[in-house]
Amino acid sequence: MRSWAMPLCFDLDGTLGHFSSGFVLLREALGDLWGAPPSAEDLGRCSGSTDWEIVDELHRMRFGRGLDEPGYEAYQTACVARFRAVFAPGGREAVAYVGILAALHRLAERHAVWVVSGNAPDLLAFKADALGIDPAIPRLGSLPRHDRADLLKRALRDCPGPHLYVGDRPHDLAAAQAAGLPFLGVGPAVPGNHTSLSPDAAPEQVIASVTGQMRT
């Protein structure tokens, strides 16, 4: 039986595993919709970290106006189709961080655990399934007019603390800080004084680090 006293949120890409060439596929999906893909330089100018924010910024660059919900749905459909084709059986394979995934599932047996990601919801569902994440663990992907901190607050609404966000990039740390959450890093990409884990950390090490963060 789960105890809901310690809600935790995990990012997906780079935290629980990774899917190579994700931004290439994003650009190709938009090329299918817009006639030509946005350039890597345009993508690099985007300041947001979620699919909604990034595609909205690229849409403004291309068309001079913001993205609407039908446009976002069209992007999501095209992007999922790209990922399904590339990561089909016999094709490219996702890389799962086995120890961190095992810890996620063990933590979810006793605590409220969410996967909160910048991926569009249907793309998040595809990636979570590809990594073998239990469907019972709730997932929250990028929503229109929400940044990553908004998503974290939405996932943790009405949940008593303490809380925690586990991520792998500076934007994950920034979102945790904006949402008032402690942060646990995965990999070397996030500088700071927070605790960090290797992507190949053992489940016991992940659980000990999570528990330690919650007690500070």
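Residues numbered from 1 in each chain as written. Predicted model: local features only at pLDDT ≥ 70, side-chain atom pairs only at ≥ 80, totals over all residues. Heavy atoms only, no water.

### As for the nonpolar core
- In terms of nonpolar packing, the biggest core is built from 51 residues, with Phe 10, Leu 16 and Ile 133 touching the most fellow members.
- Once residues within four sequence positions are removed from consideration, Leu 16 is found in contact with Phe 10, Asp 11, Ala 96, Tyr 97, Ile 100, Leu 101, Leu 104, Val 115, Leu 131 and Ile 133.
- Within the second largest apolar cluster, 17 residues are counted, among which are Ala 149, Leu 156, Phe 183 and Val 190. (Core = buried A, V, L, I, M, F, W, Y, C linked by side-chain atoms within 4.5 Å. Buried < 20%, exposed > 50% of the residue type's maximum accessible area, 1.4 Å probe, protein only. Contact = heavy atoms within 4.5 Å.)

### Some remarks on the pattern of salt bridges
- Inspection of every chain in the model, using the stated rule, returns ten salt bridges.
- Arg 148 is paired through a salt bridge with Asp 11; the nearest N and O atoms lie 3.4 Å apart. Here Arg 148 is found in helix H7 (residues 148-155), whereas its partner Asp 11 is found in the loop between strand S1 (8-10) and strand S2 (17-18), with 137 residues between them in sequence. Here Arg 148 and Asp 11 have matching classes, each one buried.
- If you follow the salt bridges from partner to partner, you end up with Asp 11, Arg 148 and Asp 172 in one network. (Salt bridge = Lys/Arg side-chain N within 4 Å of Asp/Glu carboxyl O. Helix = DSSP H or I, 4+ residues; strand = E, 2+ residues; numbered from the N terminus.)

### A closer look at the pairing of strand S6 (residues 164-167)
- Of the two faces of S6, both are covered, the one formed by Leu 164 and Val 166 as well as the one formed by Tyr 165 and Gly 167.
- The pairing of S1 with S6 spans three bridges and is parallel. Paired with Phe 10 across the bridge in S6 is Val 166.
- The sheet contact formed by S6 and strand S7 (residues 183-186) spans three bridges and is parallel. Note that in S7 the partner of Val 166 across the bridge is Leu 184.
- With respect to chirality, the unit in which S6 leads through helix H8 (residues 170-179) into the neighbouring parallel S7 is right-handed. (Pairing = 2+ DSSP bridges. Right-handed = clockwise from strand over helix to strand, strands pointing away.)

### Here's the deal with the packing of helix H4 (residues 69-86) against helix H6 (residues 121-130)
- For the pair H4 and H6, interaxial distance at closest approach is 8 Å and the crossing angle is 20°. When the axes of H4 and H6 are compared, the pair comes out roughly parallel. Relative to H6, H4 is oriented so that their crossing is right-handed. Taken together, the residues of H6 that come into contact with H4 (itself represented by Tyr 72, Gln 76, Cys 79, Val 80, Phe 83 and Arg 84) are Pro 121, Asp 122, Leu 123, Phe 126 and Lys 127.
- A breakdown of the residues in the contact of H4 with H6 according to their chemical character gives seven nonpolar, one polar and three charged. (Axes fitted to C-alpha atoms, helices over the stretch in contact; angles between N-to-C directions. Parallel < 35°, antiparallel > 145°, perpendicular 65-115°, else oblique. Left-handed = near helix turned anticlockwise from the far one by under 90°. Nonpolar A, V, L, I, M, F, W, Y, C, P; charged D, E, K, R; others polar.)

### Brief notes about the sheet that holds S1
- Taken in spatial order, the six strands make up an open sheet running S5-S4-S1-S6-S7-S8, and their pairing is parallel. With one partner strand each, in any of the chains shown, strand S5 (139-140) and strand S8 (196-197) form the two edges of the open sheet.
- On top of the sheet, helix H5 (residues 98-108) reaches S1, strand S4 (113-116) and S7; it is set at about 155° to S1, its chief contact.

### Considerations on the packing of aromatic side chains
- Enumeration according to the criterion identifies six aromatic pairs in this entry.
- When the ring of Tyr 72 is compared with that of Tyr 75, the centres are 6.1 Å apart and the planes differ by 15°; the resulting orientation is stacked. Residue Tyr 72 and its partner Tyr 75 are both found in helix H4; the two are separated by three residues, about one turn of the helix.
- Accessibility expressed as a relative area gives 3% for Tyr 72, which makes it buried.
- Residue class for Tyr 75 comes out buried when judged on its relative accessible area of 1%.
- An angle of 10° between the planes, with centres 5.7 Å apart, marks the rings of Phe 83 and Phe 87 as stacked. Across the pair, exposure class does not vary: Phe 83 and Phe 87 are buried alike.
- An aromatic cluster is built from Phe 19, Phe 83 and Phe 87, whose rings are joined through pairwise contacts.
- The ring of Phe 87 carries Arg 92 above its face, with NZ or CZ at 5.9 Å from the centroid. (Phe/Tyr/Trp six-rings, centres within 6.5 Å; stacked < 30°, edge-to-face > 60°. Lys NZ or Arg CZ within 6 Å of the ring centre and 35° of its normal.)

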